Amino acid sequence: MTVSASGRPADAPDRSHVPDGPGDHRPAHPAPAGRALKQRHLTLMALGGAVGTGLFLGCAQTIHSAGPAAVFSYALAGLLVILVMRMLGEMVVTRPMSGSFADYARLALGDWAGFTIGWLYWYAFVAIVAIEAIAGGRIVHDWLPAVPDWAVSVLLLTAMAVVNLCSAGSFGSVEFWLAIVKIGAILGFLALGAAYVCGFWPGDGSPHLSHFVDHGGLLPNGLGAALAATVVVIFAFGGTEIVTIAAAESPDPGTAVTRATRQVFWRVLLFFLGSIFLVVAIVPWDTLVGPESPYAVAMTRMGIPFAGTVMTAVILAALLSVLNSTLYASSRMLTTLCRHGEAPRGIAHTNRRGTPSRAILLGTVMGYASIGAQALQPDRTFGFLLDSTGAVLIFLYITIAVSQLRLRARAERTEPHRLTFRMWGYPYLTWLTIAALLAILLSMALLPGTRPQLLMSLISLGTVLTAYAARRCTRHLRTHHPRQPSR
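What counts, and where the lines are drawn
- Here the residue numbers are simple positions, counted from 1 along each chain's written sequence.
- At least 70 in pLDDT is required for a residue's local features to be given in this predicted model, at least 80 for side-chain atom pairs to be given and counted, and no such filter applies to totals for whole chains, interfaces and linings, which use all residues.
- Only hydrogens and water are removed before side-chain values are computed, so all heavy atoms of the structure are retained for them.
- Pairs were defined over the aromatic rings of Phe, Tyr and Trp, the Trp ring being its six-membered one, requiring ring centres within 6.5 Å. Orientation was assigned from the angle between planes: stacked under 30 degrees, edge-to-face over 60, tilted for the rest.
- Geometrically, a charge over a ring is one whose NZ (Lys) or CZ (Arg) sits within 6 Å of the ring centre while staying within 35 degrees of the ring normal.
- Criterion for a salt bridge: a side-chain nitrogen of Lys or Arg within 4 Å of a carboxyl oxygen of Asp or Glu.
- A run of H or I in DSSP counts as a helix once it spans at least four residues, and a run of E counts as a strand once it spans at least two, with each numbered from the N terminus.
- Here the term buried applies to any residue with accessible area under 20% of the maximum for its type, exposed to any over 50%, and partly exposed to those in between, with areas from a 1.4 Å probe on protein chains only.
- Residues form patches when they are more than 30% accessible in relative terms and have no salt bridge. Like charges link within 9 Å. Nonpolar side chains (Val, Leu, Ile, Met, Phe, Trp, Tyr) link within 5 Å.
- Per-residue and other accessible areas follow the Shrake-Rupley method at a 1.4 Å probe size, with only the shown protein chains counted as cover for residues.
- A pocket here means an open set of points on a 1 Å grid, computed over the protein atoms alone, that has protein on both sides within 12 Å along at least five of seven lines. A cavity is instead a set of points where a 1.4 Å probe fits but cannot get out; residues with an atom within 4 Å of a point line either one.
- Grid points are joined across faces, edges and corners, and a volume is the space filled by probe spheres set on the points.
- Under the scheme applied here, ten amino acids are nonpolar (Ala, Val, Leu, Ile, Met, Phe, Trp, Tyr, Cys and Pro), four are charged (Asp, Glu, Lys and Arg), and all others, including Gly, are polar.

Engineer: Even after reading the chapter, I still don't get the packing of aromatic side chains, so can you show me in this structure?
Structural biologist: Tallied over the entire structure, the rule returns eleven aromatic pairs. One aromatic cluster is present, formed by Phe115, Trp119, Trp122 and Tyr468 through successive ring pairs. When the ring centre of Phe382 is taken as reference, the NZ or CZ atom of Arg138 above it lies at 4.6 Å. The ring of Tyr426 carries Arg408 above its face, with NZ or CZ at 4.3 Å from the centroid.

In structure tokens, the structure reads:
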């Protein structure tokens, strides 16, 4: 039996695309309409992709629950993300595909996996579009109380939709400059914070590292609290994988993804661990109880004027970056589903600039609907959006790891020359990563604070799987029991 380059028997059908009917001979993975994203866009996207509101605001909850050990919580979560990105990088370099992880799931596990992870990812990112727009409305409303927050949310979402509709290049350029703002803010904080902690700061004496041992010590709430905080922390890294989707619209996807995955390690080490370490060193962990950003609290303690205003502006820039990138990623994932016949084909229509305008507009309209629901039901909508997508990222990471296991084994048998960028410690580190991700899901089930997110995310997963089963059943009936022509 001969084997094709994809690892299938030569006489077996290609399941990477299921035709909708006779005469459907579309390619499974048509090339993107343009190569508008440059290497500098992808480099800054890789560096700043996960630096968002989850870091600037979300770390307060982690530090308050875990104490100084929050540094270890971020280290553990960051290690898992580094390993998952390495697996994804191996698959992208070995076999570049425009649909990224959804297509790898399809190749490794079957059509059901590509359908499921594609629609889950689309739903989660459309929800994040709404979440970020609503959060942005609240921030600007605090500056301009006379302007309704829902109106600001609509304005922010519309602005980012226009950016995405113009071209992939305009998306990349805006993301480039927003990433510079975020990275500049983090680097500035690292420089000033390090000077303060090391005693090179005018004024009162530096606490040095005393806050790591005072106020209850390194583990004031126990090791269990530090491990439980990892459940929350891992969601702060969401968005790292977007660069693998965007790479399809660059001149050299393999090189772009290789560089991006290698940069993840330094980004986690410097941006996340370095800045969280300084926050804990500057501010006693048990004083972070309010809604203000821990970075703003730390800068205020250092005596930096207008620290709160500066950090609010940075947080708004980070929020716009997330809004911009999630609108982009959700539209490309929906386009991939259309190409496989798993969404209405018309949605994949591209304008003359090569932009999937209808997919972008659909995500924008869903965002408008969520903003309207938030205005009418402020106590329910935002929480529902957060809970229904809370564990989707873990589902995605597990799928990537399982796909890498199967596709790596297939590549070693049939095309080992393609394995120029490899996952470390295969297969042991891959299995260890899967076990750790499953442990996080178990922790979510056991912790009262995260249990609703797991339950709602499982409902989202069940809904998508049910939709796939219904679709398969409908196609089976149409194939084997065609409608008789009326006489």
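Engineer: Could you clarify how one ought to interpret the pattern of salt bridges in this entry?
Structural biologist: All told, the structure shown has seven salt bridges when counted by the stated rule. Between Glu415 and Arg95 there is a salt bridge, with its nearest N and O atoms 2.5 Å apart. With a gap of 320 residues between them, Glu415 in the loop between α16 (392–414) and α17 (428–446) and Arg95 in the loop between α4 (70–94) and α5 (101–109) connect regions that are remote in the sequence. By relative accessible area, which is 4% here, Glu415 ends up buried. Classification of Arg95 as partly exposed rests on a relative accessible area of 21%. A salt bridge links Glu342 to Arg106, with the shortest nitrogen-to-oxygen separation between them at 2.8 Å. Of this pair, Glu342 sits in the loop between α13 (307–339) and α14 (357–376) while Arg106 sits in helix α5, and the two are 236 residues apart along the sequence. Considered together, Glu342 and Arg106 belong to a single accessibility category, that of buried residues.

Engineer: Explain a nonpolar patch on the surface here, please?
Structural biologist: A grouping of Phe72, Leu76, Leu218, Leu219, Leu223 and Leu227 is seen on the molecular surface, where their side chains present a nonpolar patch of about 550 Å² in accessible area. Of all elements in the fold, only α4 and α9 (223–233) reach the threshold of two or more residues within the nonpolar patch. You can call Leu76 partly exposed: its relative accessible area is 37%.

Engineer: How should empty space enclosed by the protein be read in this particular structure?
Structural biologist: Gaps left between atoms show up when a probe the size of a water molecule is rolled over them. Applying the stated criterion across every chain yields a total of one cavity of 30 Å³ or more. By volume, the largest cavity amounts to about 140 Å³. In terms of lining, the largest cavity is formed by 13 residues, of which the most central are Thr94, Arg95, Leu407, Ala411 and Glu415. Those elements that provide at least two residues to the lining of the largest cavity are α4, α5 and α16. The residue makeup of the lining of the largest cavity, split by class, is six nonpolar, two polar and five charged.

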